[in-house]
Amino acid sequence: ALAAAPDNVDLQVALAALQLRGIQMVWYSPAESAAAASNARSLLERAVRAKPRYIPVLEAYCRFLSATNDFVESLVACAKTLSFDPWNGLALYQIGLAQIFLGRFEDALATFKQADRFDTPEVSRWTWLLGAGWTAQLMGRDEEAVSWLQRSIAITPASGRPYMLLAV
């Protein structure tokens, strides 16, 4: 599809998202993973140049940078997403994750709490509740962590991640 419509930004984002999923789910060999990451980055950077204010492009680039451990760049890209959509839960979650990996735990917890204050559908909230629980846990605030994790589990009881952190 992209060969037939090489300037279609939505197709670029969709292909990059599939490649990113393959990287995260370890569908590729190490060499293939590096090639997929390079291709996804190229697609997303091209999409950002073509539509620098298009939220799906900005979200995808924000998520890509976080998933590929480019945390400082991710903070910038995700902040740009928030400049166009201040209530964007995906961007806030990715910012919180980047802050965790950069050792900025207080900032991460504040970011997850900010996301939790927004009036979004409950089903969307479990990830930043998970992030807040993880962050509180990393800060040695176990009772607070349990509260966040239990709220996450109440929304999405089939996810193993909050249970894993709760077990810790």
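To be clear, the structure that these remarks concern was listed above.
One structure accompanies this document, and this report is about it. (Residues numbered from 1 in each chain as written. Predicted model: local features only at pLDDT ≥ 70, side-chain atom pairs only at ≥ 80, totals over all residues. Heavy atoms only, no water.)

**Side note on the overall build of the chain**
The number of helices and strands found in the chain is nine helices and zero strands. Reading the chain from its N terminus to its C terminus gives the helix and strand order α-α-α-α-α-α-α-α-α. Computed over C-alpha atoms, the radius of gyration of the chain comes to 17 Å, within 12% of the 15 Å expected from 2.2 N^0.38 for 168 residues, which places it in the range of a compact globule. Principal-axis analysis of the C-alpha atoms places the extent of the chain at approximately 55 × 35 × 30 Å. Burial analysis of the chain (168 residues in total) assigns 43% to the buried set. Look at the contacts in the chain between residues 6 or more apart in sequence, and 49% of them connect residues 24 or more apart. Averaging the positions of the 15 positive and the 16 negative side-chain charges in the chain gives two centres separated by 4 Å. (Helix = DSSP H or I, 4+ residues; strand = E, 2+ residues; numbered from the N terminus. Rg over C-alpha atoms; globule rule 2.2 N^0.38 Å. Buried < 20%, exposed > 50% of the residue type's maximum accessible area, 1.4 Å probe, protein only. Contact = heavy atoms within 4.5 Å. Lys, Arg positive; Asp, Glu negative; His and termini not counted. Charge placed at Lys NZ, Arg CZ, Asp CG, Glu CD.)

**Re helix H1 (residues 9-24)**
Owing to its 3.6 residues per turn, the α-helix brings residues three or four apart onto one side. Counted at 1.5 Å a residue, the expected span for H1 with its 16 residues is 22 Å, and the 22 Å between its end C-alpha atoms agrees. Considering only its buried residues, H1 is in contact with helix H2 (30-50) and helix H3 (55-67). N-capping of H1 is provided by Asn8, with a side-chain oxygen placed 2.9 Å from the backbone N of Asp10. (Expected span 1.5 Å × (residues − 1). Polar contact = N/O pair within 3.5 Å; in protein donor to acceptor, adjacent residues only side chain to side chain.)

**Considering the packing of H3 against helix H4 (residues 71-84)**
Packed helices, taken two at a time, are described by the angle their axes make and the gap between the axes. Between H3 and H4, the least distance of the axes is 8 Å, while the angle of their chain directions is 160°. As summarised for this structure, H3 and H4 are arranged roughly antiparallel, according to the angle between their axes. Seen from above, H3 lies across H4 with left-handed handedness. Note on element contacts: H4 touches H3 through Phe71, Glu73, Ser74, Ala77, Cys78, Lys80, Thr81 and Phe84, opposite Ile55, Leu58, Glu59, Tyr61, Cys62, Leu65 and Ser66. Taken together, the residues of the contact of H3 with H4 break down into nine nonpolar, three polar and three charged. (Axes fitted to C-alpha atoms, helices over the stretch in contact; angles between N-to-C directions. Parallel < 35°, antiparallel > 145°, perpendicular 65-115°, else oblique. Left-handed = near helix turned anticlockwise from the far one by under 90°. Nonpolar A, V, L, I, M, F, W, Y, C, P; charged D, E, K, R; others polar.)

**Observations regarding the environment of Leu92**
Along the chain, Leu92 turns up in helix H5 (residues 89-101). Taking relative accessible area as the criterion, Leu92 reaches 3% and is therefore assigned buried. Each C-alpha atom of the pair Leu92 and Thr111 lies 6.4 Å from the other, and the pair is 19 residues apart in sequence. Apart from residues no more than four positions distant in its own chain, Leu92 is found in contact with Leu82, Pro86, Thr111, Gln114, Ala115 and Phe118.

Keep in mind that these numbers describe shape and distance, not what the molecule does.
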